[in-house]
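# Working through the structure, step by step
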Amino acid sequence: MAELTVDMTYASALFQAAEESGREKNVLDDAGEILEVMKDNPELEAFVKSPAIAAEEKKEVLCNIFEGKIEQELMNFICILIDKGRIMHFDRMVRKYEEIYNTRDGSVTGVLYSVEPVSQDRLEKFQKETSKLLGENILLINEIDKSLIGGVKIMVDGRVIDASIRSRFNRLASEIRL
């Protein structure tokens, strides 16, 4: 729970810095690109997250890769995370930043859990249906949950829409016990 507070604190600070320069969306887009680069290059991600590598070396490598290609506020933020030993939580901080951005934009962020990744078309369809059902503009992030067996589970602001096969099995099992 404390980690969520730390993530929100750092994300809020980044949002505030981006807001002062009017670059909130650019920072969000750049952060998403950095996460993609890390995902596509596991060696780079392991290097950046390794506690055995000096902070200065990490910052030098990341500056060589990203300097001038991303917003300066984000580059400074990454350097601070490295100095504070919190770079391993960058992805969670970006998600919190996105939640702040979407809230300011009038949207609510939720999570769609599925056994396998959902296509962008299907994700948009789920967003549209969930928005209609809840009466809010919902933006969904797809996360993998192998325990579902099949189907999906959507969580938005503490509310759960459970259309997973596991929940159907559980309901059926409780009906049989009655």
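Thresholds applied
Residues numbered from 1 in each chain as written. Predicted model: local features only at pLDDT ≥ 70, side-chain atom pairs only at ≥ 80, totals over all residues. Heavy atoms only, no water. Pairing = 2+ DSSP bridges. Helix = DSSP H or I, 4+ residues; strand = E, 2+ residues; numbered from the N terminus. Axes fitted to C-alpha atoms, helices over the stretch in contact; angles between N-to-C directions. Contact = heavy atoms within 4.5 Å. Buried < 20%, exposed > 50% of the residue type's maximum accessible area, 1.4 Å probe, protein only. Parallel < 35°, antiparallel > 145°, perpendicular 65-115°, else oblique. Left-handed = near helix turned anticlockwise from the far one by under 90°. Nonpolar A, V, L, I, M, F, W, Y, C, P; charged D, E, K, R; others polar.

### Points about the sheet that holds strand β3 (residues 151–156)
A sheet is described by the order of its strands in space; here four strands give the open sequence β2-β1-β3-β4, paired in mixed fashion. Two strands bound the open sheet, and with one partner strand each, they are β2 (137–144) and β4 (159–164). Here the average twist between neighbouring strands, direction ignored, is 20°. Of the strand pairs in this sheet, β3 and β4 are connected by six bridges, and their pairing is antiparallel. The partner of Gly151 across the bridge, within β4, is Ser164. The strands touched by helix α6 (residues 90–104) are β1 (107–114) and β2; relative to β1, the strand with the most contacts, the crossing angle is about 135°. This element, helix α8 (residues 165–177), spans β3 and β4 of the sheet and lies at about 85° to β4.

### So, the pairing of β3
Walk down a regular strand and you will see the side chains alternate between the two sheet faces. Where burial is concerned, the two faces of β3 differ: the one with Val152, Ile154 and Val156 is buried and the one with Gly151, Lys153 and Met155 is not. The sheet contact formed by β1 and β3 spans five bridges and is antiparallel. Residue pairing for β3: Gly110 is matched across the bridge by Val156. Linking β3 back to β4 in an antiparallel pair, the connection comprises two residues, with Asp157 at a positive phi of about 50°.

### What to know about the packing of helix α4 (residues 55–66) against helix α5 (residues 72–84)
Each pair of packed helices gets described by two things: the angle between the helix axes and the distance between those axes. For the pair α4 and α5, the least separation of the axes is 9 Å and the interaxial angle reads 160°. The orientation of α4 with respect to α5, classified from their angle, is roughly antiparallel. Crossing hand, α4 versus α5: right-handed. Only Met75, Ile78, Cys79, Ile82 and Asp83 of α5 make contact with α4, whose side of the interface consists of Ala55, Lys58, Lys59, Leu62, Cys63 and Phe66. Residues that form the contact of α4 with α5 fall into these classes: eight nonpolar, no polar and three charged.

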